[in-house]
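Residues per chain, in single letters:
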Amino acid sequence: MAKKGDVVIQTERCKGCEICLSACPQNVLAMSDKVNSKGYRYAVKVNSACTGCTNCAVVCPDGVITVYREK
Amino acid sequence: MAENLIKPENLVYDKTKVLTDRVLHYCPGCGHSTTHRMLAEAIDELGIQGETIGIAPVGCSVLAYYYFDVDMTEAAHGRAPAVATGIKRVLPDKYVFTYQGDGDLAAIGTAETIHACNRGENFLIVFINNGIYGMTGGQMAPTTLENMKSTTSPRGRDVKTMGSPLKISELVASLPGTYYVARHSVHTPANARKTKRAFKKALEYQKEKKGTCLIEVVSNCPSNWKMTPIESNKWMEENMFPFYSLGDIKAPK
């Protein structure tokens, strides 16, 4: 079974480019309905299927995603 | 949901300490931002943060010195390879890189680029190619594709009057001074990781004093291409990659 992971998104730094969404093989991420203080919709976690593969974080232009994975 | 995984011992990916905490000024989805981080991670993984000197260009990445937590200087437009030559010759044991866009490197700084590569100056040139002058509003660059629209080629680039797009990497790969020339992209996780590996290789070759290394990163410009970041990456795959093919152009045997 795949390991479990989790992501933490710094929503204030997110610019809403959506590149992380298509990079996630588990479809964990989606865009928020709310906006941050700069007016960008930001990425949010919508399910618990994350495996901690780090794809979203590697491809995030602004480096807003931190990834954790069970050991 | 089971236990909370957000604990320091489970951390597998965080923004590298070689980048400062300053918010990047680049547009949403810009390849500059990812390229900055891949280069910073390469520097971090080699443990050479204190030994690295970067030269920022003029263009969108003019403020690169705010983001890299290494010694940085700023060059006049296109002159980064000349400045890097001076720094590297005075401090030959430091790792020196220039970070330049296509307007800076392939237009205004063509002479400096080609002569630095021809002399085999021992530093890394990072070349971001999005086929356009981004910072000044999307004018045609030497790298603009045939029939690609820009503000100064509104009907598309006509190669009869405007010349053909310039493949800088192939051009400098033909010079004896260059040691490693490769073209990559950062629009998918796999491509971004390959780019980081290329940066690491180039920095290692620099330690061995092998000659000039040039890594071209084919990138997008969502704002000036007038697309969303996702559309711009797709457009890049369909239009840029057939002309600017990815992979090693000159690699040591």
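Analysis parameters
- Position numbers for residues start from 1 in each chain and track the written sequence from start to end.
- Whichever chain is written first becomes A and whichever ligand is written first becomes 1, with later ones labelled in order.
- In keeping with the model being predicted, local features are shown solely for residues with a pLDDT of at least 70 and side-chain atom pairs are shown and tallied solely at 80 or more, while totals for entire chains, interfaces and linings include all residues.
- Side-chain descriptors were evaluated using all non-hydrogen atoms of the structure, hydrogens and water having been removed beforehand.
- The helix count covers DSSP runs of H or I at least four residues long, the strand count covers runs of E at least two residues long, and both are numbered beginning at the N terminus.
- All radius of gyration figures rest on C-alpha atoms, and the globule criterion is 2.2 Å times the number of residues raised to 0.38.
- The contact rule is simple, with two residues in contact once any of their heavy atoms fall within 4.5 Å.
- Neither His nor the chain ends is counted toward charge; the positive residues are Lys and Arg and the negative residues Asp and Glu.
- Throughout, a charge is located at the NZ atom of Lys, the CZ atom of Arg, the CG atom of Asp or the CD atom of Glu.
- For each residue, the accessible area found with a 1.4 Å probe, counting protein chains only, is set against the maximum for its type, and the residue is called buried under 20%, exposed over 50%, and partly exposed in between.
- Only strands joined by at least two bridges in the DSSP assignment are considered to pair.
- A clockwise path from the first strand over the helix to the second, with the strands pointing away from the viewer, defines a right-handed crossover.
- For any pair of parts, buried area is found by adding up, for both, the accessible area (1.4 Å probe) each one loses once the two are put together.
- The term salt bridge refers to a pairing of a side-chain nitrogen on Lys or Arg with a carboxyl oxygen on Asp or Glu at a separation within 4 Å.
- The criterion for a disulfide is a pair of cysteine sulfur atoms lying within 2.5 Å.

Each helix and strand counted, chain A has 2 helices and 4 strands in total. Walking chain A from its N terminus toward its C terminus, one meets helices and strands in the order β-α-β-β-α-β. Taken over C-alpha atoms, the radius of gyration comes to 12 Å for chain A, in line with the 11 Å a tight globule of 71 residues would show. Oriented by its inertia axes, the alpha-carbon framework of chain A measures out at about 40 × 20 × 15 Å. Partitioning the contacts of chain A with sequence separation of at least 6, the portion at a separation of at least 24 is 58%. Here chain A carries 10 positive and 6 negative side-chain charges, and the mean point of each set is 5 Å from the other.

Before going further, it helps to examine the pairing of strand β6 (residues 178-185) of chain B. A regular strand places its side chains on the two faces of the sheet in alternate fashion. All names here are of chain B. Most of β6 is tucked away: 7 of the 8 residues are buried. In terms of strand pairing, β6 meets strand β7 (residues 212-218) through 7 bridges, oriented parallel. Residue Tyr180 lies in a different strand from β7, and its bridge partner there is Cys213. As a crossover connection, the stretch from β6 through helix α8 (residues 189-207) into β7 is right-handed. In this sheet, strand β8 (residues 247-250) lies alongside β6 in antiparallel orientation, the contact comprising 3 bridges. Within β8, the residue paired with Val181 across the bridge is Lys250.

This paragraph deals with the interface of chain A and chain B. Counting residues at the interface gives 32 residues for chain A, matched by 35 residues for chain B. Roughly 2700 Å² of surface becomes buried between chain A and chain B when both sides are summed, with 61% attributable to carbon and sulfur atoms. By the criterion of area lost to chain B, the three top residues of chain A are Arg13, Val58 and Tyr68 of chain A, representing 23% of everything that side buries. Our count for the chain A to chain B interface comes out at 0 salt bridges.

All names here are of chain B. Taken as a whole and assessed by the stated rule, the structure comprises 0 disulfides over all chains. You can see Cys213 has no disulfide; the closest cysteine sulfur is in Cys117, sitting 9.6 Å from it. For Cys213, a relative accessible area of 1% translates into the label buried. Between Cys221, a cysteine without a disulfide, and Cys60, which holds the nearest cysteine sulfur, the sulfur-to-sulfur distance is 6.2 Å. Taking relative accessible area as the criterion, Cys221 reaches 9% and is therefore assigned buried.

Applying the stated criterion across every chain yields a total of 15 salt bridges over all chains. With a closest N to O distance of 2.9 Å, Asp62 of chain A and Lys15 of chain A form a salt bridge. With Asp62 of chain A in the loop between α2 (55-59) and β4 (65-69) and Lys15 of chain A in the loop between β1 (5-9) and α1 (19-23), the pair connects residues that are 47 residues apart, well separated along the chain. Overall, Lys15 of chain A belongs to the buried group, its relative accessible area being 8%. The residue Glu121 of chain B makes a salt bridge to Arg119 of chain B at a minimum N-O spacing of 2.7 Å. Judged by its relative accessible area of 6%, Glu121 of chain B falls in the buried class. With relative accessibility at 45%, the residue Arg119 of chain B sits in the partly exposed group.

In short, the description is geometric, and any link to function would need to be established separately.
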